[in-house]
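# Results of the structural survey
The lines below spell out each chain.
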Amino acid sequence: MTDVTGMTDATDVTDVTDVTDATDATDATDATDATDATDATDATEKANVPTAKPFATTRASGCPFDPPPEYGALRAEEPVSRASCPVGTDAWVVSRYEDVRAALSDPRLSSRAAPSTHIVPNADLHRPIAPGSLLHMDGPDHTRLRRMLTSEFTVKKMRALRPFVQRLVDEHIDAMLAGPRPADLYRDFALPIPSLVICELLGVPPEDRDRFQEQTTVLIRVGSAQEEVERAAAEIEEFIGRLITAKRTAPRDDLLSRLIQRGQDSGRPFSQEELVTLGVTLLIAGHETTANMIALSALALFRHPGQLAALRADPALVTPAIEELLRYLTILQFGLLRYATEDIRIADATVRAGDWLVAALSSGNRDDRAFPGADRLDLTREAGGHLAFGYGAHQCLGQQLARVELEVVFTTLFQRIPTLRPAVPLEEIRFKDDALVYGVRALPVTWDPR
Ligand code: HEM
């Protein structure tokens, strides 16, 4: 199932920085291509393709919030560069803000292997796309499916969820305060809240939520054994399948019931497979991202105490603060993979039909041309145009929901526990350097008892 969204594909990859094999494989292909190239024009074009360097995945030591340092030089000197990716293929890497936006809004770039399959060794980049797999679809098929969903994620609908989110946040803070210190802010707070919000959205009955949550946690945990992941994935698929079957006969006031109805009204009812894939996509896309964003943002704020104090003093700062944290942290750390279906010019590079391209979101979000002093976290900045939710046709469908969750969390957590702080030094915090969605593996926190 992790194939469904592609968002968790690499959570078990432990050695994404070792690209030796991938480089060798690509070199071999290039060499064969060059030998076969009899046409002089082809040879000239090949000569114009820059040499591929290993795809940058390693952050500088002591800089857990900054993308790999190579990106600064790439933005300055080679904004569209070539990289040999762990998957075993070379790709163009687009590193400037404007170019990332241009690439992500270009319909000639397909999402068929999105979002970050390039860092998964040996992944099949041309795997058939499962029906209902929104993230991987293109053109009219994607538009049709997305249109069926947009009315479920409007600002108004998401704001209506606010009291529910507030209750969840308060309950989890109560439980944390009643429990032992230190607590793990990731496991005890950041993980369950988005999961329970998705349960509410999909209409998962309250009595099933604990089990559902346990299984999704296994699914997105870095380091879960492959077998364990497959078992959890099968259970969740089966569970969502049963949920859909029940909603077909007894519809309720929830997203899945309305989607079933909308499909029927359109004259092209959704198949069971499409609906299960969509349900799983929403679950994973909305859970792992938001959970990591909550815990990593908390840590970033702890590391910037002046800004944390400003946020605590002025809750209205939360709206720009969330946008700035999304920009600064860009948790889809390896960017978005696209496939050229036609020749395209981006900046001064010619991307040929059949080439792969990575839109480096984290680099675009640190581009000084778009965000002056981009390496600085500044909660008062106008960061609204950031790329953390992507851009173009696939831009995050759940972004208003993510904003509501983050806003409630960051107007409540530090108000209710003013002395909340990390319980260990930064050096002891382990990060998800190799997962598609960046974050902390755990965040031990403590506070002064009242
Ligand atoms: C901070 C939290 C989040 C971040 C950083 C994030 C990031 C992203 C990004 C970068 C994309 C674009 C992928 C691409 O173009 O290939 C995306 C797409 C998507 N996101 Fe989010 N997301 C977040 C929360 C959510 C939530 C809460 C939901 C809803 C339940 C959600 C559902 C989706 C869906 C369904 C798509 C696919 C849209 C499409 O293909 O048309 N996301 N997200």
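As a reminder, the structure under discussion sits directly above these lines.
To keep things clear, this report deals only with the structure shown in the data block. (Residues numbered from 1 in each chain as written. Predicted model: local features only at pLDDT ≥ 70, side-chain atom pairs only at ≥ 80, totals over all residues. Heavy atoms only, no water.)

## Focus on the overall build of the protein
How we decide: Where helices and strands are cited, they refer to DSSP runs of H or I of at least four residues and of E of at least two residues respectively, numbered from the N terminus. The buried label goes to any residue with under 20% of its type's maximum accessible area, the exposed label to any with over 50%, and the partly exposed label to all in between, with areas taken from a 1.4 Å probe on protein chains only. Any two residues whose heavy atoms approach within 4.5 Å at even a single point are treated as in contact. Areas reported as accessible are Shrake-Rupley estimates using a 1.4 Å probe. Residue values count occlusion only from the protein chains shown.
From N to C terminus, the protein includes 18 helices and 11 strands. Counting only residues that meet the buried cut, the protein has 54% of its 450 residues in that class. Sequence separation of at least 24 residues holds for 75% of the intrachain contacts in the protein that already meet a minimum separation of 6. For the protein, the accessible area works out to roughly 19000 Å², and carbon and sulfur atoms hold 51% of it.

## Topic: the pattern of salt bridges
Rules: A side-chain nitrogen of Lys or Arg and a carboxyl oxygen of Asp or Glu constitute a salt bridge if their distance falls within 4 Å.
In this structure the tally under the stated criterion is 23 salt bridges. Between D66 and R366 there is a salt bridge, with the nearest N and O atoms lying 2.9 Å from each other. Here D66, found in the loop between β1 (53–54) and α4 (70–77), pairs with R366, found in the loop between α17 (361–364) and α18 (399–416); they are 300 residues apart in sequence, far enough to count as distant. The structure contains a network of salt bridges with shared partners spanning E152, D253, R258 and R262.

## Regarding the environment of G279
Checked against the element boundaries, G279 lands in helix α14 (residues 272–302). A relative accessible area of 0% places G279 in the buried class. Spatially, the C-alpha atom of G279 lies 9.7 Å from that of S133, the residues being 146 residues apart in sequence. The contacts of G279, once residues within four sequence positions are left out, are L202 and I240.

## Some points on the site of the ligand
Applied cut-off: We call a residue near a given molecule or strand whenever any one of its heavy atoms falls within 4 Å of it. In protein, a polar contact requires one atom able to donate a hydrogen and another able to accept it; more generally it is a pair of N or O atoms within 3.5 Å, and residues adjacent in sequence count only if both atoms are side-chain atoms. Amino acids are sorted into nonpolar (Ala, Val, Leu, Ile, Met, Phe, Trp, Tyr, Cys and Pro), charged (Asp, Glu, Lys and Arg) and polar (every other residue, Gly among them).
Taken together, 28 residues lie near the ligand, and H142, R146, R338, H394 and C396 sit nearest. Within the contact set of the ligand, an oxygen atom lies 2.7 Å away from a side-chain nitrogen or oxygen of R338. The contact in question runs from an oxygen atom of the ligand to an N or O atom on the side chain of H394, over 2.6 Å. At the level of secondary structure, the elements contributing two or more residues to the shell around the ligand comprise α6 (139–150), α14 and β6 (336–340). Counting residues per element, the shell around the ligand draws most heavily on α14, which supplies six residues. Split into classes, the residues belonging to the shell around the ligand amount to 19 nonpolar, seven polar and two charged.

## Topic: the sheet that holds strand β10 (residues 421–422)
So the rule is basically this: In this scheme, strands are said to pair when DSSP sees at least two bridges between them.
One open sheet holds the three strands; their spatial order is β5-β11-β10, and the pairing between them is antiparallel. Of all the strands in the sheet, just β5 (183–184) and β10 have a single pairing partner and so form its edges. Sheet topology note: the β10/strand β11 (residues 444–446) ladder contains two bridges and is antiparallel. The residue of β11 that forms the bridge with P422 is V445.

## Some words on the packing of helix α10 (residues 192–202) against α14
This is how it is decided: The convention used is that axes are lines fitted to C-alpha atoms, helices contributing only their stretch in contact, and that angles between N-to-C directions extend from 0 to 180 degrees. In what follows, roughly perpendicular refers to angles from 65 to 115 degrees, roughly parallel to angles under 35, roughly antiparallel to angles over 145, and oblique to any angle outside these ranges. The hand of a helix crossing depends on one turn: near helix anticlockwise from the far one by less than a right angle means left-handed, and clockwise means right-handed.
Where α10 meets α14, the axes come as close as 8 Å, and the angle between the chain directions of the two elements is 150°. Between α10 and α14, the crossing angle belongs to the class labelled roughly antiparallel. Viewed along their axes, α10 and α14 form a crossing whose handedness is right-handed. Between α10 and α14, the contacting residues are P194, S195, I198 and L202 on the first element and G279, L282, L283, G286, H287, T290, A291 and I294 on the second. A breakdown of the residues in the contact of α10 with α14 according to their chemical character gives seven nonpolar, five polar and no charged.

## Structural notes on the coordination of the iron atom of the ligand
Where we set the bar: With water omitted from the atoms examined, metal sites may look incomplete; donors here are N, O and S atoms no farther than 2.8 Å from the metal, or 3.2 Å in the case of Na, K and Ca.
From the protein, the iron atom of the ligand takes a single donor atom, C396 (SG), 2.3 Å away. By secondary structure assignment, the location of C396 is in the loop between α17 and α18.

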